[in-house]
Amino acid sequence: MTLLRLEEARERMLTGVEPLGVERVALAEGLGRVLAEPVLALVTLPPWDNSAMDGFAVRAEDVVGASNEAPVRLRVVGEVAAGHVPTTTVEPGTAVRILTGGMLPPGADAVVPVEDTDASPGIAERPAGVRICRPAEAGAHIRRAGSDLRMGDRLLEPGAALRPASLAVAAAAGHGDVSVHRLPRVAILGTGDELVPAGEPIGPAQIHDSNSVGLAAQATDAGAEAVSLGIAADRLDEVAARLRVGIAEAEIVIASGGVSVGAHDFVKDAFEQ
């Protein structure tokens, strides 16, 4: 028998390996799965200009030169919170109270944080007027439409393993499910007259089958579906029969034990069959 270097053995094992079939899974079931198709943005995000701060939507030209010593007083004519459409236009000399994520109302081109005003932060009644104590340039504290992503953007590539962040990106881009490759099935066979399934009583000359448990856990951890072929007794016909089942049901078959040169080591002969 010729021994191979690890790299040579891996290359031989991977020769001819092709991706498995494709299926669609919900994002909640996608962790660790491998993308089969690119993920494109179905929406633009943010879909509209919105406020990055709690404060007041204003016209930048109205607050030029504002300071603590010389605040600019504006009449508050409305309010807009996240999830609501503005019903008021910001006219000269006016402001609209706006909360983080709120859609920028027509007429406004800047947001002044509440900390830069005399308004009460947190839960408070909308004031009739507000003193602005710091100027704001046009565009200040505004998240522009499409600044995160735009419809049609290519976000995730085939072959990528889905991690928590990539699942969140897919959700933000409008997807509820994704196309992934089917999980590979790994069939695991324990061999040996001495083996007893984990947790069952053992008799004289017997031990528990720990290898199959560890191998199944490793396969699952690597992103596969583990299939148990049970424990084969040290008989050629039984080992071969269980291997045939594994080859029919799985892409990968792992046999533990029975591969040395002993009189009861039948795994190699069974594979040759």
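### Focus on the sheet that holds strand β16 (residues 252-256)
Okay, so step 1: Within the open sheet, the three strands sit side by side as β15-β12-β16. Their pairing is parallel. Both outer strands of the open sheet, β15 (225-232) and β16, are each paired with one neighbouring strand and no more. When strand polarity is set aside, the average angle formed by the axes of neighbouring strands in this sheet is 20°.
Okay, so step 2: Strand direction decides the pairing type here: strand β12 (residues 185-191) and β16, joined by five bridges, are parallel. Across the sheet, G190 pairs through a bridge with S256, a residue of β16.

### Topic: the environment of V90
Okay, so step 1: Note on placement: V90 falls in the loop between β5 (72-80) and β6 (94-98).
Okay, so step 2: Beyond its immediate sequence surroundings of up to four residues, V90 is in contact with A57, V58, R59, V96, P105, P106, G107 and A108.

### Observations regarding the environment of G257
Okay, so step 1: Position of G257 among the secondary structure elements: in the loop between β16 and α5 (267-272).
Okay, so step 2: Distance from G257 to V267, taken between C-alpha atoms, is 7.8 Å for residues 10 residues apart in sequence.
Okay, so step 3: Ignoring anything within four residues of it in the chain, the contact list for G257 reads T191 and V267.

### Describing a nonpolar patch on the surface
Okay, so step 1: On the surface, a cluster of nonpolar side chains totalling about 350 Å² of accessible area is made up of M13, L14 and V17.
Okay, so step 2: For V17, the location among the structural elements is in the loop between α1 (6-14) and β1 (22-26).
Okay, so step 3: The exposure class assigned to V17 is exposed, which follows from its relative accessible area of 55%.

### Quick notes on the pattern of salt bridges
Okay, so step 1: For the coordinates displayed, the defined rule picks out 15 salt bridges.
Okay, so step 2: In this structure, E61 and R59 form a salt bridge, with 3.2 Å as the shortest nitrogen-oxygen distance.

### Examining unusual backbone geometry
Okay, so step 1: In the segment running from L45 into P46, the intervening peptide bond is cis, with an omega of -15°.
Okay, so step 2: Inspection of the secondary structure assignment puts P46 in the loop between β2 (39-40) and β3 (50-51).
Okay, so step 3: One non-glycine residue, H141, lies in positive phi territory at about 60°.
Okay, so step 4: With respect to the helices and strands, the residue H141 is situated in the loop between β8 (129-132) and β9 (142-143).
Okay, so step 5: Its relative accessible area of 36% is what places H141 among the partly exposed residues.
Okay, so step 6: You will see that A205, though not glycine, has its phi angle at about 65°, which is positive.
Okay, so step 7: Relative to the helices and strands, A205 is located in the loop between β13 (195-196) and β14 (207-208).

### Some points on the environment of T220
Okay, so step 1: Its location among the elements puts T220 in helix α3 (residues 210-221).
Okay, so step 2: Judged by its relative accessible area of 48%, T220 falls in the partly exposed class.
Okay, so step 3: Along the sequence, T220 and V169 sit 51 residues apart, while their C-alpha atoms lie 25 Å from each other.

Criteria and cut-off values
- Residues numbered from 1 in each chain as written.
- Predicted model: local features only at pLDDT ≥ 70, side-chain atom pairs only at ≥ 80, totals over all residues.
- Heavy atoms only, no water.
- Pairing = 2+ DSSP bridges.
- Helix = DSSP H or I, 4+ residues; strand = E, 2+ residues; numbered from the N terminus.
- Axes fitted to C-alpha atoms, helices over the stretch in contact; angles between N-to-C directions.
- Contact = heavy atoms within 4.5 Å.
- Patch = residues over 30% accessible without salt bridge, like charges linked within 9 Å, V, L, I, M, F, W, Y side chains within 5 Å.
- Areas by Shrake-Rupley, 256 points an atom, 1.4 Å probe, with all protein chains shown as cover.
- Salt bridge = Lys/Arg side-chain N within 4 Å of Asp/Glu carboxyl O.
- Buried < 20%, exposed > 50% of the residue type's maximum accessible area, 1.4 Å probe, protein only.

Note that every value here comes from positions in space, so none of it alone points to a role or purpose.
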